[in-house]
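Chain by chain, the residues:
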There are 2 protein chains.
Amino acid sequence: MTVLGHAAESRFTGPPNLQTHRKGQTVLVLGAGLAGMLAAYELRKAGYSVRILEYQARTGGRNWTLRGGDRVAEMGGAVQDVKFAAGNYINPGPWRVPYHHRALLHYCRAFGVSLEPFIQLNYNALVHSSDTFGGKPQRYRDVAADFTGNVAELLAKSIDAHTLDKELTQEDRARVREAMRGWGVLDADMRYTSTLHLGSRRGWDQRPGGGPDGAPVPVSTSSLLDRHDLFAPPVWQALSYFMNYEMQTTMFQPVGGVDMIGKGFAAQVSDLFTMNARVTRIAQDDHGVSVSWTHTETGATSVEKADWCVCTIPLSILSQIDVQVSPAMRAAIGAVPYTSHIKMGLEFKRRFWEEDEGIYGGISFTSQEISQISYPSYGFHKPGPAVLLGAYTKNMAGLDIAGMTPAERIELGLRQGEVFHSQYRKEFSNGVAVAWSRMPGSLGCCAMWSEESRKQHYRNLTTMDGRVVLAGEHASYLGCWQEGALLSSLDAISQLNKRAQAN
Amino acid sequence: MTVLGHAAESRFTGPPNLQTHRKGQTVLVLGAGLAGMLAAYELRKAGYSVRILEYQARTGGRNWTLRGGDRVAEMGGAVQDVKFAAGNYINPGPWRVPYHHRALLHYCRAFGVSLEPFIQLNYNALVHSSDTFGGKPQRYRDVAADFTGNVAELLAKSIDAHTLDKELTQEDRARVREAMRGWGVLDADMRYTSTLHLGSRRGWDQRPGGGPDGAPVPVSTSSLLDRHDLFAPPVWQALSYFMNYEMQTTMFQPVGGVDMIGKGFAAQVSDLFTMNARVTRIAQDDHGVSVSWTHTETGATSVEKADWCVCTIPLSILSQIDVQVSPAMRAAIGAVPYTSHIKMGLEFKRRFWEEDEGIYGGISFTSQEISQISYPSYGFHKPGPAVLLGAYTKNMAGLDIAGMTPAERIELGLRQGEVFHSQYRKEFSNGVAVAWSRMPGSLGCCAMWSEESRKQHYRNLTTMDGRVVLAGEHASYLGCWQEGALLSSLDAISQLNKRAQAN
């Protein structure tokens with residue numbers, strides 16, 4: 001298909017062709033997240049009669065965007081009213097789409113969801129760790145240049161010391177040496193030091209300009225970063241982050257908020273939803289499935305029957321429901337803990353990161369609990385308030401911070417963010433902090449498989465049990481990603497269809 | 001101003017404050033490119049009476065966008081009619097705006113020019129050289145991972161061989177070793193080889209999926225790239241390209257074409273233009289400047305008088321005009337050759353690079369004359385025809401190709417582009433190839449300063465001579481960039497204003 005013949009590597013080569021020859025069988029889909037909506041969409045297309053039960057009052061599940069006027073109610077009773085200005089938003093759950101998530105990209109295209117670049121790597125963003133560089137944040141540009149330069153200098157020295165004579169031919173030693181000189185921007189003596197040429201990586205103390213006095217002034221050698229600190233984990237981890245397959249550019253975001261994807265799916269199956277339905281029991285026998293549910297507002301109870309069931313309820317919730325499946329699947333459902341990330345959206349009165357510092361999108365890293373700040377990849381140069389991602393905590397820090405009130409979480413976000421931006425307090429307007437462990441719909445952010453639990457439970461979880469098949473990011477090897485939810489869903493409905501044809 | 005206090009490094013800290021106390025002095029600006037329009041805008045704001053003479057029938061100069069219906073007429077008589085579909089375009093001149101070009105970004109913001117991310121680094125784009133990897137193009141992702149891995153393995157080996165014991169403390173040796181393991185994705189034995197973990201850089205032979213059989217399959221060790229070839233210049237040059245200060249992300253492009261910038265400037269000074277004016281002589285004495293010009297359509301001649309003159313005519317043209325300045329400035333004007341780049345815009349019937357290969361924006365490099373292909377950073381997933389940059393030649397290759405007819409140039413673009421994309425011929429629709437050496441307005445792409453000519457002539461070129469001051473990218477240390485033109489212009493008008501105040 002292509003010059004490189006790499007198309008085969010994808011799990012997704014197009015929408016499924018389910019070829020049902022027994023039209024009109026009924027399917028009950030539990031959960032109106034991406035996995036559930038995709039299952040409903042494709043199964044109906046194939047001739048099934050589908051309904052979707054959803055616990056929340058909105059579709060999309062963790063595919064969710066918060067805007068001014070939205071309310072976040074969490075377990076424990078805390079309520080946050082989002083006060084962002086019109087046009088501003090934060091995506092508390094998934095927020096970006098890598099170039100190789102072919103299924104998600106396919107459906108975005110099919111459903112008319114507009115995409116725009118999400119800026120991952122910004123050389124002008126910052127890297128901070130309390131243990132390195134005296135706790136002073138450094139430009140990604142500078143740490144990248146200095147790390148590369150130091151690696152190149154050390155390797156070139158080793159070649160000159162004949163350490164690698166057995167490893168490399170004489171020709172290759174010269175070749176690697178020259179590569180190190182160019183790639184590392186070493187000087188004539190193979191040292192990494194400040195030269196005019198280093199401006200091509202590091203920038204300048206005084207940038208090139210116009211007119212008679214336009215000559216650039218290189219950064220001083222004393223401003224080059226300390227080698228000991230350059231090889232600290234926070235540095236190479238930041239460099240590695242952007243090389244990571246799931247984080248590599250080109251990266252996208254839906255124009256206007258990630259829930260444009262959820263809305264794109266929902267529009268295709270809008271007549272199939274029953275909202276506010278808390279599932280209390282999933283039973284099955286040889287003849288069909290019956291799902292008991294309670295209306296979250298009226299308290300009315302119902303039993304819904306169907307030939308088949310696709311259950312996309314997160315395991316954190318499903319493990320608390322009476323589900324009539326094999327002991328092996330039951331054990332799997334109970335075996336997977338969920339992550340507890342926290343994401344904060346902070347609105348500031350102006351885009352000081354752009355105006356004062358030339359930071360447009362991208363991510364600044366810190367060793368503090370907030371872990372990162374991500375600047376908006378939309379509305380560049382727009383006057384007025386803007387929202388950035390003020391925290392995207394690691395799992396354990398998220399659990400701690402979930403114990404705080406929303407106001408305390410925001411305070412922590414401001415305090416820690418100030419390490420990057422002294423404008424933080426002065427320009428702050430309002431914020432929202434979503435603690436996933438307290439979100440009623442999922443009680444966590446996503447499934448946290450270990451190598452061990454994967455070995456023991458994954459196949460049992462994902463293999464259709466009688467008339468019930470599970471789907472969602474938890475039923476994939478691409479956990480925490482929307483693509484995982486979609487690929488899982490496509491696999492689940494293919495299992496279902498196969499069994500329905502055999503029945 | 002900021003935590004890092006780096007704001008001082010910029011040449012631009014805001015629009016100039018010229019504080020004229022002698023209002024109404026007249027200035028003649030020659031050339032309606034960015035430098036000329038900015039000079040006119042700021043001088044008028046300061047109280048000068050300004051007019052602009054422009055040779056071409058359009059404003060913007062090299063800030064130029066070609067769309068369907070446009071015509072390109074070049075020296076030698078060749079004419080190309082652009083046949084792109086509505087909404088498609090190519091920028092034959094400047095096309096992108098780095099995050100640190102503060103003057104350009106300032107005026108984009110001030111004049112309401114919308115910006116969107118320009119995708120530079122795309123890990124799924126390709127690197128090709130006829131001399132490496134058997135002439136087969138490789139994914140940037142793969143060459144980056146394998147280069148990094150090999151560097152890390154070689155450096156770790158050198159540490160283990162105690163070569164660097166004098167260079168690094170024992171603690172740092174352990175630290176660098178661990179950094180190499182993480183950054184280079186080395187295995188437990190510090191070898192760069194295919195492991196499950198390498199999927200985090202290289203991707204997979206079979207990507208992670210959903211359902212029981214979703215486990216990923218790592219790339220085979222045999223597919224790792226040859227070390228000898230990995231250290232060839234085309235590889236480290238491609239890696240270095242994206243680390244280059246002028247090429248680092250975040251990078252922008254104006255929404256809708258780069259000429260949105262030119263139009264933004266032109267709207268501010270729309271009443272000042274005299275178009276189709278070929279300048280034939282620039283004379284000056286103690287009392288003022290007089291510029292002779294001929295109307296390019298009617299042949300009518302005129303002489304325009306003013307107190308001062310800002311001349312932004314490219315040196316390639318100016319050197320052919322009778323200019324009454326000091327011998328030193330005259331020598332400088334004649335001393336700078338111009339580059340001869342060629343850019344081709346190729347329109348294809350569909351976005352096969354996105355649909356078939358998952359390439360969204362970014363640049364593929366080749367050792368062939370076309371040098372690079374750049375995929376559009378706008379209109380992602382749009383059905384129907386799309387335009388990519390099919391060639392952006394190096395200087396010498398550009399001169400050769402300028403000798404061909406436009407049709408021959410396009411044929412070369414197609415032939416060489418096929419090395420990346422077998423769909424090229426089948427999907428091709430139409431194209432345009434702009435040879436800058438043949439463009440009447442500039443007879444070249446931009447000024448090509450050498451270290452020697454810079455030393456000898458730059459100051460003479462950029463220092464105001466009597467009542468005439470030169471401006472443009474050629475009068476800056478940031479040649480070939482729009483920012484250079486603006487910074488030069490700001491310096492020139494500040495020289496002019498100073499002299500006008502002293503007079």
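Since we're looking at a predicted model, the values are computed, not measured.

Novice: Before we go on, may I ask you to explain the overall build of chain A in this structure?
Specialist: Per the secondary structure count, chain A includes 16 helices and 25 strands. Dimensions of chain A, computed from C-alpha atoms along their principal axes, come out at roughly 80 × 60 × 40 Å. Expressed as a percentage of the 503 residues in chain A, the buried residues total 64%. Sequence-distant contacts, at least 24 apart, represent 69% of the contacts inside chain A between residues at least 6 apart. The average position of the 50 basic charges and that of the 49 acidic charges among the side chains of chain A differ by 5 Å.

Novice: Explain the UniProt feature "domain: Amine oxidase" (unreviewed entry) in chain A here, please?
Specialist: Per the UniProt record, "domain: Amine oxidase" (unreviewed entry) is annotated on residues 34-492 of chain A. Along residues 34-492 of chain A one finds 32% helix and 22% strand; the C-alpha atoms at either end are 13 Å apart.

Novice: Sorry if this is basic, but what is going on with the pattern of salt bridges here?
Specialist: If the charged atoms of two oppositely charged side chains come close together, the side chains can form a pair. Enumeration according to the criterion identifies 66 salt bridges over all chains in this entry. Here A:Asp142 and A:Arg141 are joined by a salt bridge, their closest N and O atoms 3.8 Å apart. For the pair formed by A:Asp142 and A:Arg141, the shared burial category is buried. Put simply, A:Arg109, B:Arg350, B:Glu355, B:Asp356, B:Lys426 and B:Glu427 are held in one network by salt bridges that share partners.

Novice: Just to check I follow, could you spell out the nonpolar core for this structure?
Specialist: The nonpolar side chains of a soluble globular protein tend to be buried with one another. Judged by nonpolar contacts, the single largest core of 226 residues is most densely connected at A:Met180, A:Trp183, A:Val310, B:Leu43, B:Met180, B:Trp183 and B:Val310. Ignoring anything within four residues of it in the chain, the contact list for B:Leu43 reads B:Leu18, B:Val27, B:Tyr48, B:Val50, B:Val310, B:Ile493 and B:Leu496. In this structure, A:Trp293, A:Ile317, A:Ile333 and A:Trp449 belong to the second largest nonpolar core, which totals 31 residues.

Novice: I'm lost on the relation of the copies chain A and chain B in this one. Help?
Specialist: Mapping one chain copy onto the other needs a rotation about an axis and a shift along that axis. Each copy of the sequence occupies a distinct position, and chain A is placed on chain B by a rotation of 180 degrees and an axial shift of 0.0 Å, giving an RMSD of 0.0 Å. On the angle and the small slide along the axis, the relation comes out as a two-fold axis. Rotation axis and chain A: the residue whose C-alpha lies nearest the axis is A:Leu155, separated from it by 2.7 Å. When the interface residues of chain A are mapped onto chain B, 100% of them again lie at the interface, so the same face is used by both copies.

Novice: Help me out: how do you make sense of the pairing of strand E20 (residues 342-348) of chain A in this one?
Specialist: For a regular strand, side chains alternate in direction, first toward one face of the sheet and then toward the other. Residue and element names in this part refer to chain A. The element E20 is largely enclosed, with a buried count of 7 among its 7 residues. Taking every second residue as pointing to the same face, both faces of E20 are buried, with Ile342, Met344, Leu346 and Phe348 on one and Lys343, Gly345 and Glu347 on the other. In the sheet, E20 pairs with strand E24 (residues 428-435) via 7 bridges, with the strands oriented antiparallel. Bridging across to E24, glycine 345 finds its partner in valine 432. With 6 bridges connecting them, E20 and strand E23 (residues 386-392) associate as antiparallel partners. From the neighbouring strand, lysine 343 faces E23, where its bridge partner is tyrosine 392.

Novice: Mind showing me how you'd approach the packing of helix H2 (residues 102-110) of chain A against helix H16 (residues 482-502) of chain A here?
Specialist: How two helices pack is summed up by the angle between their axes together with the distance between the axes. Residues and elements named next belong to chain A. Taken N-terminus to C-terminus, the directions of H2 and H16 make an angle of 90 degrees; their axes are 8 Å apart at the nearest point. Taken together, H2 and H16 sit at an angle that is classed as roughly perpendicular. Across the interface between the two elements, Arg102, Ala103, Leu104 and Tyr107 of H2 pack against Gln482, Glu483, Leu486, Leu487 and Leu490 of H16. Looking at the contact of H2 with H16 residue by residue, the class counts come to 6 nonpolar, 1 polar and 2 charged.

Novice: Please clarify how the interface of chain A and chain B should be interpreted in this entry.
Specialist: How big an interface is tends to be stated in terms of the accessible area lost upon association of its parts. With 110 residues of chain A at the contact, the number on the chain B side is 110 residues. With both sides pooled, the region where chain A packs onto chain B buries about 9800 Å², and carbon together with sulfur makes up 57% of that total. Looking at the side of chain A facing chain B, the largest losses of area belong to A:Arg11, A:Arg207 and A:Pro212, adding up to 8% of the total buried there. Along the contact surface separating chain A from chain B lie 8 salt bridges. In this structure, the salt-bridge partner of B:Asp213 is A:Arg459, at a minimum N-O distance of 3.0 Å. The interface formed by chain A and chain B includes 56 residue pairs in polar contact (both at pLDDT 80 or more). Considering each element in turn, the side of chain A that touches chain B owes the most residues, 10 residues, to helix H3 (residues 140-160) of chain A. Looking at the side of chain A that touches chain B residue by residue, the classes come out as 47 nonpolar, 34 polar and 29 charged.

Novice: What is the right way to look at the side chain of A:Gln25 in this model?
Specialist: Residues and elements named next belong to chain A. As for its placement among the helices and strands, glutamine 25 is situated in the segment before strand E1 (26-30). A polar contact of 2.6 Å, which involves the side chain of glutamine 25, links it to the side chain of tryptophan 308. If we skip the residues at most four places from it in the chain, glutamine 25 touches Tyr48, Ser49, Asp307, Trp308 and Ala500.

Novice: Would you explain unusual backbone geometry in this entry?
Specialist: Excluding glycine, a negative phi dihedral is what most residues carry, and trans is how most peptide bonds are arranged. The step from A:Thr249 to A:Thr250 runs through a cis peptide bond, and the omega angle for that step is 5 degrees. Counting through the fold element by element, A:Thr250 comes out in the loop between helix H7 (233-243) and strand E13 (251-254). Positioned with a positive phi, B:Met190 is a non-glycine residue whose angle comes to about 60 degrees.

Novice: For this particular structure, what's the right way to read the state of the cysteines?
Specialist: Disulfides are covalent bonds that link the sulfur atoms of two cysteine residues. Residue and element names in this part refer to chain A. By the definition in use, this model includes 2 disulfides over all chains. Across the disulfide from cysteine 446 sits cysteine 480; the S-S distance is 1.6 Å. One end of the pair, cysteine 446, is in the loop between E24 and helix H15 (451-462); the other, cysteine 480, is in the loop between strand E25 (468-470) and H16, with 34 residues separating them in the sequence. In this structure cysteine 445 is not part of a disulfide, and its nearest cysteine sulfur, from cysteine 446, lies 4.2 Å away.

Novice: Just checking my understanding: could you explain H16(A) for this structure?
Specialist: The α-helix winds at 3.6 residues per turn, so residues separated by three or four positions along the chain end up facing the same way. Its 21 residues give H16(A) an end-to-end C-alpha distance of 31 Å, which sits within 8% of 30 Å, the value for a rise of 1.5 Å per residue. In terms of burial, H16(A) is largely enclosed, as 16 of its 21 residues are buried.

Novice: Sorry, what's going on with the pairing of strand E1 (residues 26-30) of chain B here?
Specialist: All names here are of chain B. By the criterion of burial, E1 is predominantly enclosed, with 4 of the 5 residues buried. As judged from the 5 bridges shared by E1 and strand E2 (residues 49-53), these two strands associate in the parallel manner. Paired with leucine 28 across the strands is arginine 51, a residue of E2. For the segment spanning E1, helix H1 (residues 34-45) and E2, crossover handedness is right-handed. Bridge count between E1 and strand E18 (residues 308-311): 4 bridges; the pairing is parallel. Note that in E18 the partner of valine 29 across the bridge is valine 310.

Novice: Please explain the environment of B:Leu496 as it appears in this structure.
Specialist: Residues and elements named next belong to chain B. Relative to the helices and strands, leucine 496 is located in helix H16 (residues 482-502). Remark: the alpha-carbon pair of leucine 496 and threonine 463, spanning 33 residues in sequence, is separated by 10.0 Å. Those residues in contact with leucine 496 that sit more than four places away from it in its chain are Val27, Leu43, Tyr48, Trp308, Val310, Met464 and Val469.

Novice: I keep staring at H2(A) and nothing clicks. Help me out?
Specialist: Of the positions making up H2(A), those classed as buried are A:Arg102, A:Ala103, A:Leu104, A:Leu105, A:Tyr107 and A:Cys108. Phi for A:Gly112, located one or two positions after H2(A), is positive at around 70 degrees.

Novice: Got a minute to help me understand the sheet that holds E18(B) in this structure?
Specialist: Hydrogen bonds between backbone groups are what pair the strands of a sheet, and the pairing can be parallel or antiparallel. All names here are of chain B. With respect to topology, 5 strands assemble into an open sheet ordered E14-E2-E1-E18-E25, the strand pairing being parallel. Only two strands of the sheet have a single neighbouring strand rather than two, namely strand E14 (273-274) and strand E25 (468-470). As defined by bridge partners, E2 adjoins E14 across 2 bridges and the pair is classed as parallel. In the strand pairing of E14, isoleucine 52 is matched with phenylalanine 273.

Novice: Just checking my understanding: could you explain the packing of H7(A) against helix H4 (residues 170-184) of chain B for this structure?
Specialist: Where H7(A) contacts H4(B), the axes come no closer than 9 Å and their chain directions differ by 15 degrees. With respect to H4(B), the axis of H7(A) lies roughly parallel. Crossing angle aside, the handedness with which H7(A) passes H4(B) is right-handed. Residues A:Trp236, A:Leu239, A:Ser240 and A:Met243 of H7(A) form the contact with H4(B), whose participating residues are B:Glu178, B:Ala179, B:Gly182 and B:Trp183. Residues of the contact of H7(A) with H4(B), tallied by class, amount to 5 nonpolar, 2 polar and 1 charged.

Novice: Got a minute to help me understand the environment of A:Glu369 in this structure?
Specialist: Residue and element names in this part refer to chain A. The topology assignment puts glutamate 369 in the loop between strand E21 (362-366) and strand E22 (372-375). With relative accessibility at 37%, the residue glutamate 369 sits in the partly exposed group. Residues glutamate 369 and aspartate 400, 31 residues apart in the sequence, show an inter-C-alpha distance of 9.4 Å. Excluding its chain neighbours within four sequence positions, the residues that come into contact with glutamate 369 are Thr393, Lys394, Ala397, Ile401 and Gln416. Only 2.7 Å separates the side chain of glutamate 369 from the side chain of glutamine 416, close enough to count as a polar contact.

What counts and what doesn't
Residues numbered from 1 in each chain as written. Chains lettered and ligands numbered in written order. Predicted model: local features only at pLDDT ≥ 70, side-chain atom pairs only at ≥ 80, totals over all residues. Heavy atoms only, no water. Helix = DSSP H or I, 4+ residues; strand = E, 2+ residues; numbered from the N terminus. Buried < 20%, exposed > 50% of the residue type's maximum accessible area, 1.4 Å probe, protein only. Contact = heavy atoms within 4.5 Å. Lys, Arg positive; Asp, Glu negative; His and termini not counted. Charge placed at Lys NZ, Arg CZ, Asp CG, Glu CD. UniProt positions renumbered as here; feature names shortened; annotations may be inferred. Salt bridge = Lys/Arg side-chain N within 4 Å of Asp/Glu carboxyl O. Core = buried A, V, L, I, M, F, W, Y, C linked by side-chain atoms within 4.5 Å. Least-squares fit on C-alpha atoms with pLDDT ≥ 70 in both. Pairing = 2+ DSSP bridges. Axes fitted to C-alpha atoms, helices over the stretch in contact; angles between N-to-C directions. Parallel < 35°, antiparallel > 145°, perpendicular 65-115°, else oblique. Nonpolar A, V, L, I, M, F, W, Y, C, P; charged D, E, K, R; others polar. Buried area = accessible area lost by both parts, 1.4 Å probe. Polar contact = N/O pair within 3.5 Å; in protein donor to acceptor, adjacent residues only side chain to side chain. Disulfide = S-S within 2.5 Å. Expected span 1.5 Å × (residues − 1). Right-handed = clockwise from strand over helix to strand, strands pointing away. Left-handed = near helix turned anticlockwise from the far one by under 90°.

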